[in-house]
Each structure stands twice: as structure tokens, then as C-alpha cells.
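Here's the letter readout for the chains.
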Amino acid sequence: MAAAVRLRPGSGPAVRLQAQLLPCRVQYDGPAPVAAFLRVQPGPGGELWASFRGRRMGGRDLPLPHGYQGMVLQEGEPPHGDEGRCVTVMGTFDAIRDWGADGVPPPGGLALALQWGDIAQAIHAPVPESDEEVEP
């Protein structure tokens, strides 16, 4: 079932955020003073190191594909008489900090998923017409 989603105009420019993907479950969903709890130290190879609740974590920043922007949305009540869903942009991000327990996450997972934007763009691009047929 398709749903209409309307973007409510914000009260100004969206706040720039640092998105964090933790290797654990936190029973909270909302803004948090992450810098007060995660004291990030750079490593010699460009990796990041921190600890959370006494557990060592390794991480790295993974940029979003070119032309993509992440958004944190908050759902609200639609204006009177409107159908569908109404959301407000609370913040934006252009990279995700990927953390792993006891070390930097392996080069799969989120890093591979973020490559999908470039792959999708390439396979959905128009194919130029050519007079010559290419044989395998």
C-alpha cells in the first residue's frame, strides 16, 4: 500500500549530525550527547578507537555515495484535512561512523551496502545505441 509523505517546512537549515552505528543495542531512540560518552581517539592507520560501557570499539567513517544525503526525520500530525504522513527534517548527515566490538568492522557489511547507490545508478543508466553489436 502506497502512502503519501509530505515534508513539513523546517524552521531553518537542518542541523548537521554525526550518525553512529553501534555494535550493540541501546534502549533509547533520540538525540543524545554522544561526545560525552564516546571519547574518540584516532589510530595510526586512520581508524577510530573508543569505549562504550567499558567495551573497546574500533570504527571508521563511511561517506555516503556521491549525490546522497542522510536525513533524520520526525513524524508529526498532518495538517487538518490532509491525508498521508507528515515529517520534519531534524538533521542531516553525509557519513556514518561504523563501530565494531573489540576492533574495526571488517570491510563488508555497511561499507558494501553504501556501494549500492553507485551500482544502482550504473545499471539503471540509459544504454547508448550503437550501430555495432559487441560479441562476447
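For clarity, every value in this text was computed on a predicted model and none was experimentally measured.

What counts as what
- Residues numbered from 1 in each chain as written.
- Predicted model: local features only at pLDDT ≥ 70, side-chain atom pairs only at ≥ 80, totals over all residues.
- Heavy atoms only, no water.
- Pairing = 2+ DSSP bridges.
- Helix = DSSP H or I, 4+ residues; strand = E, 2+ residues; numbered from the N terminus.
- Salt bridge = Lys/Arg side-chain N within 4 Å of Asp/Glu carboxyl O.
- Buried < 20%, exposed > 50% of the residue type's maximum accessible area, 1.4 Å probe, protein only.

Student: Mind showing me how you'd approach the sheet that holds strand β6 (residues 55-63) here?
Tutor: Strand pairing within a sheet occurs via backbone hydrogen bonds; the two strands may be parallel or antiparallel. Across the sheet, which stays open at both edges, the five strands sit in the order β3-β9-β6-β5-β4 with mixed pairing between neighbours. The sheet terminates laterally at β3 (19-21) and β4 (41-42), the two strands that pair on one side only. Pairing between β4 and strand β5 (residues 48-52): two bridges, direction antiparallel. Paired with Pro42 across the bridge in β5 is Leu48.

Student: Before we go on, may I ask you to explain the pattern of salt bridges in this structure?
Tutor: Two side chains carrying opposite charge are able to pair once their charged atoms lie near each other. As enumerated under the stated definition, the model contains three salt bridges in all. Salt-bridge contacts for Arg16 lead to Asp94; the nearest nitrogen and oxygen are separated by 2.9 Å. Pair noted here: Arg16 is in strand β2 (residues 15-16) and Asp94 is in the loop between β8 (85-93) and β9 (95-101), with a separation of 78 residues, a long-range link. Here Asp102 makes a salt bridge to Arg55, at a shortest N to O gap of 2.9 Å. You can see Asp102 sitting in the loop between β9 and α2 (110-113) and its partner Arg55 sitting in strand β6, a full 47 residues away along the chain. The class for Arg55 is partly exposed, based on a relative accessible area of 45%.

None of this, on its own, says anything about what the molecule does.
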